[in-house]
Amino acid sequence: MANDGIDDVDRTILHALQEDARNLSSGDIAERAGTSDSTVRKRIKRLEERGVIKGYHAAIDYQNSGFPFKMLLFCTAPIPKRGEMIQDVLSIDGVVSVQELVTGEKNLLITVVGENDDDVTPVAQELLELGLTVADEVLVRTHKTTPFGGFTSEQPSTTE
């Protein structure tokens, strides 16, 4: 679903929720969108029902929570099975993210966190047991994100 039925009010709502879904009220968002808070609540419900908003998640700073070691594992999975393997990979302790890549030989990007390098070794072993090949490993120093700017003409603020 690209832009199907998403208008400027929806975009403003989506941008605001990306920025701070926990602390912004529907009234705060309504003020930004130039509409009423009841309209914002209805729009959010509709966006959730349509699967545009898939959930609300805490942004965890793993380093500050005692897990400073963050590793990206670029893996190769058999192409017909790569999508099916994602849930199995996510069930491995220490794996916090899996991205399916559709170009190149490395077709899964797996993010693992732990206290040290010894926490990643068992993850790599479990990936091998699932039939994946670990093609490359990258140690991450910092990772910052920002709300997608396509939802608003405002300059987004950067968050961790």
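Quick caveat, the model's predicted, so the values are computed rather than measured. (Residues numbered from 1 in each chain as written. Predicted model: local features only at pLDDT ≥ 70, side-chain atom pairs only at ≥ 80, totals over all residues. Heavy atoms only, no water.)

### Notes on the side chain of Lys70
Stage number 1. Following the sequence through the fold, Lys70 ends up in strand E1 (residues 69-76).
Stage number 2. Buried and unpaired, Lys70 has no salt bridge, with Asp61 as the nearest side chain of opposite charge at 8.5 Å.
Stage number 3. Looking at Lys70, its side chain comes within polar contact range of the side chain of His143, at 2.7 Å.
Stage number 4. Those residues in contact with Lys70, other than ones at most four positions away along the chain, are Thr111, Val112, Val113, Val138, Leu139, Val140 and His143. (Helix = DSSP H or I, 4+ residues; strand = E, 2+ residues; numbered from the N terminus. Buried < 20%, exposed > 50% of the residue type's maximum accessible area, 1.4 Å probe, protein only. Lys, Arg positive; Asp, Glu negative; His and termini not counted. Salt bridge = Lys/Arg side-chain N within 4 Å of Asp/Glu carboxyl O. Polar contact = N/O pair within 3.5 Å; in protein donor to acceptor, adjacent residues only side chain to side chain. Contact = heavy atoms within 4.5 Å.)

### Overview of the nonpolar core
Stage number 1. In terms of nonpolar packing, the biggest core is built from 18 residues, with Leu73, Val95, Leu108, Ile110, Leu127 and Leu132 touching the most fellow members.
Stage number 2. With 14 residues, the next largest nonpolar core counts Ile13, Leu17, Leu24 and Val40 among its residues. (Core = buried A, V, L, I, M, F, W, Y, C linked by side-chain atoms within 4.5 Å.)

### With respect to helix H4 (residues 82-90)
In an α-helix there are 3.6 residues to a turn, and that puts residues three or four apart on one side.
Stage number 1. Every buried residue of H4 is listed here: Arg82, Met85, Ile86 and Val89. Buried positions in H4, seen along its axis, are confined to an arc of 130° and lie on one side of it. Seen from the open side of H4, the exposed residues pointing more than 90 degrees away from its buried face are Glu84 and Gln87.
Stage number 2. Of the surrounding elements, those touching the buried residues of H4 are strand E2 (95-100), strand E3 (108-114) and helix H5 (117-129). (Arc of directions from axis to C-beta.)

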